[in-house]
Amino acid sequence: MRLVLVSALLLALAACGPTELAAADEVTVERQRQAIVGGTPAPNETTVFQLIMTEQSGQMGICTATLIGTRTLLTAAHCVDTARSVFAHNAPADNQLQFGVNAYRAARWNVHPGWNPNGQDLRNDIAIILLERAPTNVTPKPWNSQTLTGAFRGRPIRAIGYGNTSPGMGTGTRRQVDLTVVDLYPQLIFMGDQRSKGVCQGDSGGPTFHTFPDGVERVVGVHSFTTSQACTFGADTRTDAFSSFIQQYLAMYEAPSCDRDGRCATNCAMTDYDCVCGKDNICSTVCLMLPGGVDPDCPDCGANGLCATTTCGEPDPDCVAEGQACVRADQCVNRQCRNDPQNLEPYCTRACTGPADCGASFECTGGICIKRQLPTIADQQPCQLGVNVCGMESVCTGQTQVESTCQPTCRNVGDCPERWQCATGWNGFRYCQAPPKPPIYIARAAIAGPVAQPGFGCSSAGGLSLLALGLVVSRRRRGR
């Protein structure tokens, strides 16, 4: 989708900024950028930045990012994959940008190596940006590296971005909107109320926040794409699915932080979790009492609520076998409790670099062994539960099991085309049911050749003639 922006901000950049930002009356943004619909201004969220990119082609684009280190921004890969230069500012609106005050040049940026900028594959849509200098008076935002499970569905989240308030309108002001998690995929968080709130064109790469039981609000997702023309349903790239990628560049660019980043910081007001719960040959029982806490140095072969990551003399009763249902990563020997597009309930699995790392009933996708996926069936085509699956937003159902086809799913009649009904199938799934076809009337039969005159005798032939006459009269009366 092409979006044409006419912006005083871009003209100001051309006048005040470096030579890469040439003056222009119109600027074309080639990708569909994400933003906020149904929200309110967020002037105090200074960790959220607007990005301004000059593409290799000379065109310009706008995105959003989050400061997660003193100089490190987290954003979407498709925001910077073809960028020649990148600038960032954290003013509440783009008309308040001031060079030397709240605007910063990017020194370098790193796109996830699995991102494909030329295809329709939306996996691995994540990137890291290093600014030339640290923004002043801004405390970096913590981000989530702990594995999210199926229990995260329905949790409250907060999405922020600089983009449109509705399709094609309102970009340039930082806004926020409260949502809930609709669904989890191995790399994605789906969100949006499908009515009046969600993400839209304007700036992908913006953050989704969630407040965890320890009271800390962290980044859990990076806005990636929208599936609704009304901008009321879309998806984020999960930070926990890319924790190794994020930590790799934080280790290169930043000193350790006091949050859970896998590195020990010694200048924290309270002892850094990573200092006592890392691999240091010291078992700290304090780690085991913290939410999601694990100390790799603690013996855990007994019934202590943790699955041992080392070989035990007897099977650990806390371990869940690979492929079996789990609710926490520490129930799995490989610390991977994930779901997949066709199995929404999480199960124990492992990381992988190729098919050889996974069992026969699994496949390697996005660096994780997921259960082998069944063939996907198109809408209106016959389907069979357990043999194949329907595409996104469709269910396998019908009036009877033998009549099951892939049908658009619905919650109420408003989700269906005009005159369609939101019906309940044989297996309890709700689906959009087409209106009944109008009846096709069968034409009346015509009698070819002469019709014998009825007789009035008692012979069998006469009786048959009377019967024929009666049928003819009856048909004629009904036809009047």
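Computed from a prediction, not measured in an experiment: that's the story for all the values here. (Residues numbered from 1 in each chain as written. Predicted model: local features only at pLDDT ≥ 70, side-chain atom pairs only at ≥ 80, totals over all residues. Heavy atoms only, no water.)

Turning our attention to the side chain of E45. One can find E45 in the loop between β3 (40–41) and β4 (48–55). Here the side chain of E45 touches R158 through a polar contact of 2.9 Å, side chain to side chain. Each residue touching E45, except ones within four places of it in the same chain, is listed here: R158, I160, R174, Q176 and F209. (Helix = DSSP H or I, 4+ residues; strand = E, 2+ residues; numbered from the N terminus. Polar contact = N/O pair within 3.5 Å; in protein donor to acceptor, adjacent residues only side chain to side chain. Contact = heavy atoms within 4.5 Å.)

The next thing to look at is the pattern of salt bridges. Enumeration according to the criterion identifies 10 salt bridges in this entry. Across the salt bridge formed by R328 and D330, the nearest N and O atoms sit 2.8 Å from each other. Given a relative accessible area of 36%, R328 falls into the partly exposed group. For R411, the salt bridge identified is with D415, shortest N-O distance 3.7 Å. Here R411 falls in the partly exposed class, since its relative accessible area comes to 47%. Overall, D415 belongs to the partly exposed group, its relative accessible area being 35%. Each of E45, K141, R158 and E217 takes part in one network of salt bridges that share partners. (Salt bridge = Lys/Arg side-chain N within 4 Å of Asp/Glu carboxyl O. Buried < 20%, exposed > 50% of the residue type's maximum accessible area, 1.4 Å probe, protein only.)

The subject of this paragraph is the packing of aromatic side chains. Across all of its chains, the model carries 7 aromatic pairs by this definition. Ring geometry for F190 versus F225: centroids 6.2 Å apart, planes at 75°, classification edge-to-face. Remark: F225 occurs in strand β14 (residues 217–226) and F190 occurs in strand β12 (residues 188–191); sequence separation between them is 35 residues. Note on F190: relative accessible area 2%, which makes it buried. On the basis of relative accessibility, which here comes to 14%, the residue F225 falls in the buried class. Put simply, the rings of Y185, F190, F225 and F233 pair up and form one aromatic cluster. Looking at K141, its charged tip hangs above the ring of F209, at a distance of 4.4 Å from the centre. One cation-aromatic arrangement involves K371 over Y347; the distance from NZ or CZ to the ring centre is 4.6 Å. (Phe/Tyr/Trp six-rings, centres within 6.5 Å; stacked < 30°, edge-to-face > 60°. Lys NZ or Arg CZ within 6 Å of the ring centre and 35° of its normal.)

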